[in-house]
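Observations on chain architecture
Residue strings, one per chain:
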Amino acid sequence: MDTLSQFKDEFETEYQTTRKFLEAYPEGKNDYAPHEKSMKLMPLATHISEIFGWPDTILKTSEVDFANGDFQPKNLSTKEDLLQTLDENFKSAQESLGNAKEEDLNEYWALKNNGHEVAKWTKYGSIRHSLNQITHHRAQLGVYYRLNDIALPGSYGPTADQQSF
């Protein structure tokens, strides 16, 4: 099985779907949150665009430690910023997946906070987790859009707003 090619294909599909969602991003709603415990709209959309860069980081490192500043979320403010970040991260992920070897996926990768291991998977599992995170957070974004009467593009099928996909 050529797992890396399959990952590239999956990221391509998720990229195309996510790009449609970010193209629908509503200007002027950056601070919208449906609940006080919910992430605000722009940080949520930023997070989604940044997840597309995770395969690059995962394949080039053995861990990320948040307390050490290994990752700092971007502070984006416009739809154009979101789309540019998404495009750049997708491109870097595709390049890294294209340059990797199947055996690289067997190595371990960890998320840490001040040296404490929060999660650890094989690099295969870490990249799979990234794909799951994209789907999860894009679904959240869809709820935010629905609550603001923003038409939802299709993901894996048509929506009430878009009967074709």
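Residues numbered from 1 in each chain as written. Predicted model: local features only at pLDDT ≥ 70, side-chain atom pairs only at ≥ 80, totals over all residues. Heavy atoms only, no water.

Observations concerning the packing of aromatic side chains
Put simply, the test is: Only Phe, Tyr and Trp rings are paired, with Trp represented by its six-membered ring, and only when their centres lie within 6.5 Å; those with planes under 30 degrees apart are stacked, over 60 edge-to-face, the remainder tilted. Only DSSP runs of H or I with at least four residues qualify as helices, and only runs of E with at least two residues qualify as strands; both kinds are numbered from the N terminus onward. Two thresholds decide whether a charge sits over a ring: the Lys NZ or Arg CZ must be within 6 Å of the ring centre and within 35 degrees of the ring normal.
Evaluation of the coordinates by the stated rule reveals six aromatic pairs. Between Y15 and F52 the ring centres are 6.4 Å apart and the planes differ by 75°, which places this aromatic pair in the edge-to-face class. Residue Y15 is located in helix α1 (residues 3–23), and its partner F52 is located in the loop between α2 (41–51) and α3 (54–60); the two are separated by 37 residues in the primary sequence. One aromatic cluster is present, formed by F11, Y15, F52 and F90 through successive ring pairs. Lying over the aromatic face of F21, R138 brings its terminal NZ or CZ to 5.9 Å of the ring centre.

What to know about the packing of α1 against helix α5 (residues 123–147)
Axis angle and axis distance: for two packed helices, these are the angle between their axes and the distance between the axes, and together they describe the pair. Condition: A fitted line through C-alpha atoms represents every axis, and for helices the fit uses only the stretch in contact; the resulting angles, taken between N-to-C directions, go from 0 to 180 degrees. Each angle is binned into one of four classes, with values under 35 degrees roughly parallel, values over 145 roughly antiparallel, values of 65 to 115 roughly perpendicular, and all other values oblique. By convention, the crossing between two helices is left-handed when the near helix turns anticlockwise from the far helix through less than a right angle, and right-handed when the turn is clockwise. We call two residues contacting when some pair of their heavy atoms lies within 4.5 Å.
Where α1 contacts α5, the axes come no closer than 11 Å and their chain directions differ by 15°. As summarised for this structure, α1 and α5 are arranged roughly parallel, according to the angle between their axes. Here α1 and α5 pass one another in a crossing that is left-handed. Judged by residue contacts, T3, F7, E10, F11, E14, T17, T18, F21 and L22 of α1 engage Y124, I127, R128, S130, L131, I134, T135, R138, L141, G142 and Y145 from α5.

A look at the sheet that holds strand β2 (residues 108–113)
The following threshold applies: By this definition, two strands are paired if DSSP reports at least two bridges between them.
Judged by pairing direction, the sheet is mixed, and its three strands sit side by side in the order β1-β2-β3 without closing on themselves. At either margin of the open sheet sits one strand with a lone partner, and together these are β1 (63–65) and β3 (116–122). Pairs of neighbouring strands in the sheet enclose a mean axial angle of 10°, with direction left out of account. When β1 meets β2, the two strands line up parallel, connected through three bridges. Bridge pairing links V64 to L111 in β2.

With respect to the environment of E63
On the secondary structure map, E63 appears in strand β1. Excluding anything up to four places from it in sequence, E63 contacts D70, W109, A110 and K112.

Notes on the pairing of β2
Short version of the rule: Looking down the strands as they point away from you, a crossover is right-handed if its path from the first strand over the helix to the second goes clockwise.
This β-α-β element, β1 to helix α4 (residues 79–99) to β2, shows right-handed connectivity. In this sheet, β3 lies alongside β2 in antiparallel orientation, the contact comprising six bridges. Bridge pairing links N113 to H116 in β3. Hairpin connection of β2 to β3: two residues between the antiparallel strands, including N114 at a positive phi of 55°.

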